[in-house]
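Structure assessment
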Amino acid sequence: MYNTTVSNPSEPLSTSIVAQLFSDDTHQLNASYYSSHPYSASSLTYSTQSYQYDENNGYGIVDAAGAVAYSIGAQRFADVPNYDDYDWGLNAINVPEVWQQGYSGQDIVVAVIDSGVDYTHENLSNNIWYNYAEVYGDGIDNDSNGYIDDVMGWNFVDNTNNPYDNNGHGTHVAGIIAAENNNYGTVGVAYNAKIMPVKVFNAYGDGFNENIAKGVIYAVDNGANVINLSLGGAYTEVLANAIQYATERGSIVVMAAGNQGASEPIYPAALATNWGIAVGAVDSNNYMADFSNRAGSNSYLNYVVAPGVDIYSTVPDNNYKFENGTSMAAPYVSGVATLMLSANPYLTPEEIQAIITATAIS
Ligand code: CA
Ligand code: CA
């Protein structure tokens, strides 16, 4: 079991910044992996994609229609009319094309490691993960996972079973990924997925790397397929180890590149040379946001960009709000990974990383 000893408390992290991970692939898709899947490599049509890496926007803007199609060995899904312009980000990464094919994140669990989630929100309450192995309120750890009465995630700040969001950041992130498709408010990229709320930041947006690492491990061990980290700070071994653990156990980790306007991502997004995906932010004209950390010179970094300016999503108490940040961009990519897994649940993190970078539009 992974060591989460907290003998050496680390510096607080701010949810206002995002980061990236290391990755170990060469951005070349290996067609042989399809042999173990119900899809034939011979049907793939993306092999001529140019894997052009740019120090500014990495492999380019994520393309849901291309990534999900590739995931099932299909040709890129045909264009469909735009969804309402309020949710410009959905159109910018071609999400309606994927919905048209019947993929909306069903049966996939996405952990939001953040300030918590308002699980009572009118646009989220039906999409919250539930731990059916746990009996609520009996004071017993029924599923023996080390957490008592954890029916819908965990609060690592207060060490309770209530991961409610008293900051607002995590609820906004959750809505981008999986707000319900109920004809009001907004709609998430993967609106039939389940959100696992894991609270690691307090009301002020501060948190400790040890708690973030514990949250990642909790998510992996309790069945999260996708892990969203809209956070960042200095490198710490404890968090790097947790992200490596997630990747090796089959959970894809998506990390915000950070909001310092720097030439490369901060941690943990900088780990995307080895594990997971780093995400920078663009506006509705597909220009890099001034605040977004760039990709940098290392083309082994799994770096793509996604909408992160004027993003409308859920905040606590049945409210909605526009926000800016790579914290908003990362959940778009988490949503795309979720759509890919709802189309092909056999994909490994390495395959998801390779497909998202290969199909991104430079
Ligand atoms: Ca439990
Ligand atoms: Ca219980």
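Refer to the structure printed above.
In what follows, the accompanying structure is described. Just so it is clear, the model here is predicted, and its values are computed rather than measured. The numbering scheme is per chain: residues are counted from 1 as the chain's sequence reads. Chain letters and ligand numbers both follow the written order, the letters beginning at A and the numbers at 1. Per-residue local features of the predicted model are confined to residues with pLDDT of at least 70, and side-chain atom pairs are confined, for both listing and counting, to 80 or more; whole-chain, interface and lining totals are unaffected and use all residues. Heavy atoms throughout the structure, all of them, feed into the side-chain values; hydrogens and water do not.

Brief notes about the overall build of the protein chain
What the protein chain contains, in helices and strands, is eight helices and 13 strands. Exposure categories follow from relative accessible area, calculated using a 1.4 Å probe and restricted to protein chains: below 20% of the type maximum is buried, above 50% is exposed, and the middle band is partly exposed. Going through the 362 residues of the protein chain one by one, you find that 61% of them count as buried. Any two residues whose heavy atoms approach within 4.5 Å at even a single point are treated as in contact. Taking the contacts inside the protein chain whose residues are at least 6 apart along the sequence as the reference set, 76% of them involve residues at least 24 apart. A total of about 13300 Å² of accessible surface is found on the protein chain, and carbon and sulfur atoms cover 45% of it. Runs of E in the DSSP output that reach at least two residues are strands. Runs of H or I that reach at least four are helices, and both are numbered from the N terminus. Accessible areas in this description were obtained via Shrake-Rupley with a 1.4 Å probe; residue shielding takes into account the shown protein chains only.

Observations regarding the coordination of the calcium ion (ligand 2)
With water excluded from the atoms, a metal site may look incomplete; its donors are any N, O or S atoms within 2.8 Å, or within 3.2 Å for Na, K and Ca. Every protein donor of the calcium ion (ligand 2) is accounted for by E134 (OE), V135 (O), D138 (OD), I140 (O), N142 (OD1) and D149 (OD), and the metal-donor separations fall at 2.2 to 2.4 Å. Geometry at the calcium ion (ligand 2) is octahedral, judged from its six donor atoms and the angles of 69 to 178 degrees they form at the metal. On the accessibility criterion, I140 (46% relative accessible area) is partly exposed. Square planar and octahedral assignments, for four and six donors respectively, both demand that opposite donors be over 155 degrees apart and that all other angles lie between 65 and 115; tetrahedral needs four donors with all angles between 85 and 135 degrees, and anything else is irregular.

Some thoughts on the pattern of salt bridges
What counts as a salt bridge is simple: a side-chain nitrogen of Lys or Arg found within 4 Å of a carboxyl oxygen of Asp or Glu. Under the definition given, this model contains three salt bridges. Taking the shortest distance from any N to any O, the salt bridge between D63 and R76 comes out at 2.7 Å. Here R76 lies in the loop between α1 (64–71) and α2 (88–92) and D63 lies in the loop between β2 (19–22) and α1, a separation of 13 residues in the sequence. When its relative accessible area of 1% is taken as the criterion, D63 is described as buried. Relative accessible area serves as the criterion here: at 31%, R76 is assigned to the partly exposed category. One salt bridge connects R76 with D79, and the closest N-O pair in it is separated by 3.8 Å.

Side note on helix α7 (residues 326–343)
Helix length check: α7, at 18 residues, gives a terminal C-alpha distance of 26 Å against a target of 26 Å (1.5 Å per residue), a fit within 8%. Counting buried positions along α7 gives 18 out of 18 residues, so the element sits mostly inside the fold. In a helix, the anticipated span is given by 1.5 Å times the number of residues less one.

A short note on the packing of helix α5 (residues 209–221) against helix α6 (residues 237–248)
Running from N to C, α5 and α6 cross one another at 10 degrees; their axes reach a closest spacing of 8 Å. For the element pair α5 / α6, the angle class is roughly parallel. Here N209, E210, I212, A213, V216, I217, V220 and D221 of α5 come into contact with α6, specifically with V238, L239, A242, Y245 and A246. By the convention adopted, Pro, Cys, Tyr, Trp, Phe, Met, Ile, Leu, Val and Ala count as nonpolar, Lys, Arg, Asp and Glu as charged, and the other residues, Gly among them, as polar. Of the residues assigned to the contact of α5 with α6, the class counts are 10 nonpolar, one polar and two charged. Note on geometry: axes are lines fitted to C-alpha atoms, helical ones only across the stretch in contact, with angles between N-to-C directions running from 0 to 180 degrees. When describing relative orientation, an angle under 35 degrees is termed roughly parallel and one over 145 degrees roughly antiparallel, while 65 to 115 degrees is termed roughly perpendicular and anything else oblique.

Comments concerning empty space enclosed by the protein
The distinction between a cavity and a pocket rests on a 1 Å grid over the protein atoms alone: a 1.4 Å probe fits inside a cavity but cannot get out, while a pocket stays open yet meets protein on both sides within 12 Å along at least five of seven lines, and a residue with an atom within 4 Å of a point counts as lining. Grid points are joined across faces, edges and corners, and a volume is the space filled by probe spheres set on the points. Counted according to the given criterion, the structure contains one cavity of 30 Å³ or more. Of the pockets and cavities examined, the largest cavity occupies roughly 50 Å³. Taken together, the residues that form the lining of the largest cavity break down as six nonpolar, one polar and one charged.

What to know about the coordination of the calcium ion (ligand 1)
Within the first shell, the calcium ion (ligand 1) binds the protein through E134 (OE), D141 (OD), D143 (OD), N145 (OD1), Y147 (O) and D150 (OD), at distances of 2.2 to 2.4 Å. For the calcium ion (ligand 1), the six donor atoms are set out with angles of 76 to 159 degrees between them, so the coordination reads as irregular. Along the chain, the residues donating to the calcium ion (ligand 1) are arranged with the sequence spacing E-x6-D-x1-D-x1-N-x1-Y-x2-D. Each member of the pair D141 and Y147 is classed as buried.

Side note on helix α4 (residues 169–178)
Counting buried positions over the 10 residues of α4 gives 10, a clear majority of the element. The complete set of buried residues in α4 reads H169, G170, T171, H172, V173, A174, G175, I176, I177 and A178. On its buried face, α4 sits against β3 (109–114), β5 (194–199), β7 (226–229), β12 (311–315), β13 (319–323) and α7.

Details of the packing of aromatic side chains
A pair of aromatic rings is counted whenever rings of Phe, Tyr or Trp (Trp by its six-membered ring) have centres within 6.5 Å, and the orientation is called stacked for planes under 30 degrees apart, edge-to-face for over 60 and tilted otherwise. Applying the stated criterion to the full structure yields 13 aromatic pairs. A ring pair is formed by W99 and Y191, whose centres lie 5.1 Å apart and whose planes are at 70 degrees; its orientation type is edge-to-face. Here W99 is found in helix α3 (residues 95–100), whereas its partner Y191 is found in the loop between α4 and β5, with 92 residues between them in sequence. Accessibility expressed as a relative area gives 14% for W99, which makes it buried. Judged by relative accessible area, Y191 falls into the buried class, the value being 16%. Ring-pair connections join several aromatic residues into one group, and the members of that group are Y147, W154, F156 and Y218.

Side note on the packing of α1 against α7
Two numbers describe how α1 lies on α7: the axes approach to 8 Å, and their chain directions differ by 30 degrees. Regarding the angle of α1 to α7, the classification is roughly parallel. Note that α1 runs across α7; the crossing there is right-handed. Touching A64, A67, V68 and S71 of α1 are V336, L339, M340 and A343, all from α7. Among the residues forming the contact of α1 with α7, the class breakdown is seven nonpolar, one polar and no charged. Note on convention: near helix rotated counterclockwise from far helix by under a right angle means a left-handed crossing. Clockwise means right-handed.

Some remarks on the sheet that holds β5
For two strands to pair, DSSP has to find at least two bridges joining them. Strand order in the open sheet made by the seven strands is β4-β5-β3-β7-β8-β10-β11, with parallel pairing throughout. Where the open sheet ends on each side, the last strands, each with one partner, are β4 (154–155) and β11 (303–307). Against the sheet, α5 contacts β3, β4, β5 and β7, and its axis sits at roughly 170 degrees relative to β3.

Quick notes on unusual backbone geometry
At the junction of Y267 and P268, the peptide bond is cis and its omega measures out at 5 degrees in the coordinates. By the element assignment, P268 lies in strand β9 (residues 266–272). Even without being a glycine, N159 presents a positive backbone phi close to 55 degrees. With respect to the secondary-structure elements, N159 resides in the loop between β4 and α4. Here N318, not a glycine, exhibits a phi torsion of approximately 60 degrees, which is positive. Here N318 is to be found in the loop between β12 and β13. On the basis of relative accessibility, which here comes to 36%, the residue N318 falls in the partly exposed class.

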